[in-house]
Number of protein chains: 2
Amino acid sequence: MKHIVDMLADDTLGRTREDSRFPILVSYMDAFENINLDPNQELMVVENIKGEIIGTMQLSFIQYLTYQGGIRAQLEAVRIHKNQRRTGLGTEMLKWATARAKEKGAHVLQLTTNKKRSDAVRFYEKMGFSCSHEGMKMHL
Amino acid sequence: MKHIVDMLADDTLGRTREDSRFPILVSYMDAFENINLDPNQELMVVENIKGEIIGTMQLSFIQYLTYQGGIRAQLEAVRIHKNQRRTGLGTEMLKWATARAKEKGAHVLQLTTNKKRSDAVRFYEKMGFSCSHEGMKMHL
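Treat the numbers as computed from the prediction; the structure is a model and nothing was measured.

Calculation rules
Residues numbered from 1 in each chain as written. Chains lettered and ligands numbered in written order. Predicted model: local features only at pLDDT ≥ 70, side-chain atom pairs only at ≥ 80, totals over all residues. Heavy atoms only, no water. Least-squares fit on C-alpha atoms with pLDDT ≥ 70 in both. Contact = heavy atoms within 4.5 Å. Helix = DSSP H or I, 4+ residues; strand = E, 2+ residues; numbered from the N terminus. Expected span 1.5 Å × (residues − 1). Buried < 20%, exposed > 50% of the residue type's maximum accessible area, 1.4 Å probe, protein only. Salt bridge = Lys/Arg side-chain N within 4 Å of Asp/Glu carboxyl O. Pairing = 2+ DSSP bridges. Axes fitted to C-alpha atoms, helices over the stretch in contact; angles between N-to-C directions. Polar contact = N/O pair within 3.5 Å; in protein donor to acceptor, adjacent residues only side chain to side chain. Phe/Tyr/Trp six-rings, centres within 6.5 Å; stacked < 30°, edge-to-face > 60°. Lys NZ or Arg CZ within 6 Å of the ring centre and 35° of its normal. Buried area = accessible area lost by both parts, 1.4 Å probe.

Superposing chain B onto chain A takes a rotation of 180 degrees plus a shift of 0.0 Å along the axis, which leaves an RMSD of 0.0 Å. Such a combination of turn and shift is consistent with a two-fold rotation axis. Of the C-alpha atoms belonging to chain B, the one lying closest to the rotation axis is found on G135 of chain B, 2.1 Å away. Interface overlap between copies is the fraction of interface residues in one copy that are interface residues in the other; for chain B against chain A it reaches 100%, indicating a shared surface.

Residue and element names in this part refer to chain A. For helix α4 (residues 89–103), which comprises 15 residues, the first-to-last C-alpha distance of 21 Å matches the rise-based estimate of 21 Å (1.5 Å per residue) to within 8%. Those residues of α4 lying buried are L89, G90, M93, L94, A97, T98 and A101. Backbone geometry just after α4 places G105 at a positive phi near 80 degrees.

What follows covers the pattern of salt bridges. Counted by the stated rule, this structure contains 22 salt bridges over all chains. The salt bridge partner of E76 of chain B is R72 of chain A, with a shortest N-O separation of 3.8 Å. Here E76 of chain B, found in strand β3 (residues 71–80), pairs with R72 of chain A, found in strand β3 (residues 71–80), and the two come from separate chains. As far as the burial class goes, E76 of chain B and R72 of chain A line up, both buried. What emerges from the salt-bridge pattern is a single network uniting D11, R79 and R117 of chain A.

Moving on to the sheet that holds β3 of chain B. If you trace the 10 strands from one edge of the open sheet to the other, you get β1(A)-β2(A)-β3(A)-β4(A)-β5(B)-β5(A)-β4(B)-β3(B)-β2(B)-β1(B), paired in mixed fashion. Here the strands that pair on one side only, and so sit at the sheet edges, are β1 (41–47) of chain A together with β1 (41–47) of chain B. Mean inter-strand twist for the sheet, computed between neighbouring axes without regard to direction, equals 25 degrees. Strands in contact with helix α4 (residues 89–103) of chain B are β5 (130–139) of chain A together with β1, β2 (53–63), β3 and β4 (108–114) of chain B; relative to β2 of chain B, the strand with the most contacts, it is inclined by about 25 degrees.

Moving on to the side chain of E134 of chain A. Along the chain, the position of E134 of chain A falls in strand β5. Given the relative accessible area of 14%, E134 of chain A is considered buried. Of the polar contacts made by the side chain of E134 of chain A, one reaches the side chain of K115 of chain A; its length is 2.7 Å. Contacts of E134 of chain A, omitting those with residues within four sequence positions, involve K115 of chain A together with L111, T112, T113, K115, V121, C131, H133 and G135 of chain B.

So, about the packing of aromatic side chains. In this description, a pair of aromatic rings is defined by centroid distance and the angle of the planes. All names here are of chain A. This structure, assessed with the given rule, holds four aromatic pairs over all chains. Ring centres of F123 and Y124 lie 5.3 Å apart, and the angle between their planes is 55 degrees; on these two criteria the pair is classed as tilted. Overall, Y124 belongs to the buried group, its relative accessible area being 8%. With 5.7 Å between their ring centres and 75 degrees between their planes, Y124 and F129 make a pair best called edge-to-face. In terms of burial, Y124 and F129 fall into one category: buried. The structure contains a cluster of three or more aromatic residues connected by ring pairs, namely F123, Y124 and F129. The ring of F61 carries K104 above its face, with NZ or CZ at 4.9 Å from the centroid.

Residue and element names in this part refer to chain B. Across seven bridges, β1 lies against β2 in antiparallel orientation. Each bridged residue has a counterpart across the sheet, and for E42 the counterpart in β2 is L59. Counting the residues in the hairpin turn of β1 and β2 gives five residues, including G51, whose phi is positive at 85 degrees.

In this section: the interface of chain B and chain A. The interface is formed by 62 residues belonging to chain B together with 62 residues belonging to chain A. Taken over both partners, the interface formed by chain B and chain A buries close to 5,900 Å², and the fraction arising from carbon and sulfur atoms is 58%. The three residues of chain B that bury the most area against chain A are L65, M136 and L140 of chain B, which together make up 15% of that side's buried surface. The interface formed by chain B and chain A holds two salt bridges in total. Here chain B is connected to chain A by 39 residue pairs in polar contact (both at pLDDT 80 or more). In terms of residue count, the dominant contributor to the side of chain B that touches chain A is strand β5 (residues 130–139) of chain B (10 residues).

The quantities given are spatial measurements derived from coordinates; they are silent on function.
In structure tokens form, the structure reads like this:
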């Protein structure tokens, strides 16, 4: 758990909003439990051959009425350990997520990425995503 | 049910992907049942004083680890009956959704809207959303 939160915190935007001190905040543990109990949520980690966690992402399956009652797969919190960037791991993770979304019968795989992350936008475009939509947010 | 699907279909983008013929497709009925059974999903309709359905939207609550284990509220499939547009109903629905998201403890309310819907982008900006993110989609 600490390893996942460390990756979320070790990020340009994440460092201002996460808290990776030990012991880990109860709110992270509660969130982990909620995700675990929900059959529509899949939180993944990637380990290297030594069993160290080097990547994480969360895939959610959301049932809508639109598209004749279709399911969407939504990707969030994709993070790769700083020592593992530019190794092709992100590409492998995205390929896995795409295959998993198809397997679950989703008609679209979607995500939003902050416009400040221009590298990320280019990466996702290379993986087959298109910037067709505005990703609009309102902090409450 | 037919009334909701009619609104989804009566839309520039929706008309190419929905099927509102009667009897309604089983896939819509199954989707409705799945949404109904999921405590993290809320499908809303608005009725006028005569009991006619004049608006619909779907609000999903998604648990993430990010933001110290925060919950996001996500809005999708916002539709208003063609006879009720420009009456302020959309504004009322958005205010309701914002209040509901706060009540459920969400730290952000988010949505994606097709860049072709320039009126919608302006409307959501007026309601307090910002276009901070790219909404990226890959059809599977």
